[in-house]
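Okay, here's what each chain looks like letter by letter:
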Amino acid sequence: MSGEELVKHNSGKDKDNVLIIDVRSPEEYKAGHIQHAININIDGFENRLSEIEDKKNFPVILYCSSGNKSGQVAEILVNNGFKDVTNTTGVKKFEYDLVKYDDVRGANFQKLIDEDKDVVVVDVREAKQASEEGMIKGAINVPFNEVEKNLNKLPKDKTSAQYCNTGTKSAEVQKQLEGLGYENVVNSIEGVKEHSFSVVKK
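Figured I'd write up the structure that's included with this text. Bear in mind the structure is a predicted one, so any value in this text is a computation, not a measurement. (Residues numbered from 1 in each chain as written. Predicted model: local features only at pLDDT ≥ 70, side-chain atom pairs only at ≥ 80, totals over all residues. Heavy atoms only, no water.)

**Thoughts on the packing of aromatic side chains**
Short version of the rule: Aromatic pairing here means that ring centres of Phe, Tyr or Trp (its six-membered ring) are within 6.5 Å. Orientation follows from the plane angle: under 30 degrees is stacked, over 60 is edge-to-face, and everything else is tilted. Distance and angle both matter: a charge sits over a ring if NZ of Lys or CZ of Arg is within 6 Å of the ring centre and within 35 degrees of the ring normal.
Across all of its chains, the model carries four aromatic pairs by this definition. Through a chain of ring-to-ring contacts, the aromatic side chains of Phe109, Tyr163 and Phe197 assemble into a single cluster. We note Lys169 situated over the ring of Phe144; from NZ or CZ to the ring centre the distance is 4.4 Å.

Written out as structure tokens, the structure is:
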């Protein structure tokens, strides 16, 4: 797959129809990765297959720096029963719009907020929807279009973890926070419409 094709698949609602995996090291991922891509390093990849076991019949797109390591991982996935696996142009061969915050799946997002009691969990949906449908326990509501006037609720020295309906608006917030100098930010690529988060109504 070309870089142009990946960008198309990774935009709008199309991004909910694919799972993008960066197989580089955590350090390379953190230095700049494709938006909405989760990170599963090629080293130890087979030991983490359980994290994506539910995606065996789902389109999975892989990338690395050059396409070599992602090609190796593609073989691993096919050999383990994954039906729709595509290797794409690496980040050193195409000028992607890279981000530095962490993108994680819903289960890993839940694990993070369960284990780190100091994390600030942020529901970026509109206030009315968050109130009516409920939020993850302990979350605060900062609507995606009201971030800058609520920065006092988002201290830079704490990890800020955002979610929304499908991971699209929260990704926009992450890019905004990144531009404002935030470094410890995490986005759930699967929102409350896609992952069975336990929500409570206030």
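What follows continues from the structure just given.
**Quick notes on unusual backbone geometry**
As a reminder, the rule being used: Think of it this way: any DSSP run of H or I at least four residues long counts as a helix, any run of E at least two long counts as a strand, and we number them from the N terminus.
Phi angles above zero are rare outside glycine, and His36 is one such case at about 75°. Here His36 lies in the loop between strand S2 (33–34) and strand S3 (38–39).

**Comments concerning the sheet that holds S3**
Short version of the rule: Two strands make a pair as long as DSSP finds a minimum of two bridges between them. Note on contacts: a residue pair qualifies if any of its non-hydrogen atoms lie within 4.5 Å across the two residues. Angles shown run from 0 to 180 degrees and are taken between the N-to-C directions of axes, each axis being a line fitted to C-alpha atoms and, for helices, limited to the stretch in contact.
Read across the sheet, four strands follow the order S3-S1-S4-S5 without closing on themselves; strand pairing throughout is parallel. Of all strands in the sheet, those bounded by a partner on one side alone are S3 and strand S5 (85–87). Direction of pairing for strand S1 (residues 19–22) relative to strand S4 (residues 60–63): parallel, over a ladder of four bridges. Considered in S4, the bridge of Ile21 is made with Leu62. Sheet contacts for helix H3 (residues 68–79): S4 and S5; angle to S4, the most-contacted strand, approximately 150°.

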